[in-house]
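Each chain is listed here by its residues.
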Amino acid sequence: MTKQNVLVSETKSGLAITVAVSNTSLFSSAVQKPLTTQGGYITISRSKLLKTLETSGVVTGTGRINAWVDSMRASSPTHVRPTPSLKNKEEGSWILKHPSALNMFEDITNASKGKQIVMFLDYDGTLSPIVDDPDRAFMSESMRRAVRNAARYFPTAIVSGRCRDKVYSFVRLAELYYAGSHGMDIKGPTKSSKNNKRKQPVMFQPASEFLPMIDEVYKALLEKTKSVPGAKVENNRFCVSVHFRCVDEKSWTTLAEQVRTVLKEYPKLRLTQGRKVLEIRPTIKWDKGKALEFLLESLGFANQNNVLPLYIGDDRTDEDAFKVLRDRGQGFGILVSKSPKDTNASYSLQEPAEVMDFLHRLVEWKRLSLRGHSRV
Ligand SMILES: O=P(O)(O)OC[C@H]1O[C@H](O[C@H]2O[C@H](CO)[C@@H](O)[C@H](O)[C@H]2O)[C@H](O)[C@@H](O)[C@@H]1O
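Residues numbered from 1 in each chain as written. Predicted model: local features only at pLDDT ≥ 70, side-chain atom pairs only at ≥ 80, totals over all residues.

Looking at an unreviewed UniProt entry, one finds the protein chain named Trehalose 6-phosphate phosphatase and attributed to Coptis chinensis. In its Function (unreviewed entry) section, the UniProt entry covering the protein chain states "Removes the phosphate from trehalose 6-phosphate to produce free trehalose." UniProt, in its Catalytic activity (unreviewed entry) section for the protein chain, records the words "alpha,alpha-trehalose 6-phosphate + H2O = alpha,alpha-trehalose + phosphate". (UniProt positions renumbered as here; feature names shortened; annotations may be inferred.)

**Focus: the overall build of the protein chain**
Secondary structure assignment for the protein chain yields 11 helices and 16 strands. Classification of the 376 residues of the protein chain by burial places 41% in the buried group. (Helix = DSSP H or I, 4+ residues; strand = E, 2+ residues; numbered from the N terminus. Buried ≥ 20, exposed ≤ 12 C-beta atoms within 10 Å, placed from the backbone.)

**Some details on the site of the ligand**
Close contacts around the ligand come from 24 residues, with Y123, D124, P134, S160 and G161 the closest. At the level of elements, strand 11 (240-243) and strand 13 (277-282) are the ones that each hand at least two residues to the shell around the ligand. Looking at the shell around the ligand residue by residue, the classes come out as 6 nonpolar, 8 polar and 10 charged. Taken domain by domain, the shell around the ligand gets at least three of its residues from each of domain 2 (84-181 + 288-375) and domain 3 (208-282). (Near = placed C-beta within 6 Å. Nonpolar A, V, L, I, M, F, W, Y, C, P; charged D, E, K, R; others polar. Domains from an automatic or database assignment.)

**Some points on the environment of I95**
With respect to the helices and strands, I95 occurs in helix 3 (residues 84-97). Linking I95 and F210, residues 115 residues apart in sequence, is a C-alpha distance of 41 Å.

**Comments concerning the nonpolar core**
Within the largest apolar cluster, 50 residues are counted, with the highest numbers of intra-cluster contacts made by F120, A157, I158, L292, L310, Y311 and I334. When residues no more than four places from it in sequence are discounted, the contact partners of L310 are I117, M119, F120, G331, F332 and I334. Counting 28 residues, the second largest nonpolar core, distinct from the first, contains Y218, F238, C239 and F244. (Core = buried A, V, L, I, M, F, W, Y, C linked by C-beta atoms within 7 Å. Contact = placed C-beta atoms within 7 Å.)

**Things to note about helix 7 (residues 211-224)**
Its 14 residues give helix 7 an end-to-end C-alpha distance of 20 Å, which sits within 8% of 20 Å, the value for a rise of 1.5 Å per residue. Where helix 7 is concerned, the buried positions are I214, V217, Y218 and L221. Considered in projection along helix 7, the buried side chains sweep an arc of 110° and stay on one side of the axis. Turned more than 90 degrees away from the buried face of helix 7, the exposed residues are P212 and E223. Considering only its buried residues, helix 7 is in contact with strand 10 (232-235), strand 11, helix 8 (252-264), strand 12 (269-274) and strand 13. (Expected span 1.5 Å × (residues − 1). Arc of directions from axis to C-beta.)

**Some thoughts on the confidence of the model for the protein chain**
Summary statistics for the protein chain give a mean pLDDT of 84 and a share of 80% for residues scoring 70 or more. Long-range and interchain partners of residues 1-60, a stretch whose pLDDT sits below 50, account for 111 contacts in this model, where long-range means more than four residues apart. Among the prediction metrics, the complex's ipTM stands at 0.99, with pTM recorded as 0.83. (pLDDT = per-residue confidence, 0-100.)

**Considering the pairing of strand 6 (residues 156-159)**
A two-sided burial pattern is seen for strand 6, the buried positions comprising T156 and I158 on one face and A157 and V159 on the other. Where strand 5 (residues 116-121) meets strand 6, 3 bridges bridge the pair, whose relative direction is parallel. The partner of F120 across the bridge, within strand 6, is A157. The parallel pair strand 5 and strand 6 is bridged by helix 5 (residues 141-153), and the resulting crossover is right-handed. Of the strand pairs in this sheet, strand 6 and strand 7 (residues 177-180) are connected by 3 bridges, and their pairing is parallel. Directly across from I158, in strand 7, lies its bridge partner Y178. Remark: the strand 6/helix 6 (residues 164-171)/strand 7 crossover connection has right-handed handedness. (Pairing = 2+ DSSP bridges. Right-handed = clockwise from strand over helix to strand, strands pointing away.)

See the structure below:
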């Protein structure tokens, strides 16, 4: 029987399947049904493969749209209303697997003994509440203070799907490092180079060749989707977001069709999904997990044991970073969520207010431990 290689990787909505036949990539699309794999590659028979693609809607046009819309629905938690007893049972077993980082605080600080904690923070839904208008997702002054204090003791980076300048305009803390566009636009710690003795921030933009294409696709999406009331297209520099939070559910299929029509012309771009948002980005193998590794390396912690990275995030794209930490067996991923979700994070926090508490506690603990050291 002919065997095909299927590359399965995590996306915001579930998994992205890339089917490679004779080294040629045929499809790359977001589907909802997860396939369990080890190491990202699975081998399945041709008939099984076609069946999988048909059920997931990758093969047929309408099927694909249905899968997209199903997936858009799945990213709206209000649609999933389990009965209270089932809900409690589910939540109970989930919280045992991913206990609150506040309750596990001592375990986290114990694990950091002799190590430098490095903080990685997602922005939307982690530092700022989710709101209807993406341009008004401001973080509170008290959260800004908490992040500023944390950065005094721990190197701190913001890792966001937003464009770097925009997320900086929300956070406004120059002492942090920033990875925008899902990690594709990094401004890291300052370093002096051989040729230039003056210290400059490390900059890394692995998708720079895609800039003209992203700009073109942004304009095309803006034009195409303007007939759908509530749809909002956001240019995140190395990726584009199509928001449907304010779109009537009856128009989701139309919107998905429009996005697909535009994307058809751009095989080098792929679609992932976030919280009521379709995200269009380059097919390069770069994500928030890779950005985390890049920043650790820039900070001088490549392959080191004396570091404890903590990554706090609420989104599917943050899973790439949680997975990196899990695979390295180093540090902890902390998922911000009020409801059970499939995750590679070790711990959980319910909402941005708890993220703030956690940062406060970490700073307080560090202050006390430094004071203790200075006394002996
Ligand atoms: O990686 P993040 O910092 O979490 O960014 C992910 C996306 O966040 C923003 O959209 C989300 O937040 C909006 C404001 O609360 C909300 O209206 C939207 O429904 C959410 O999806 C941002 O606008 C996107 O560009 C980011 O990709």
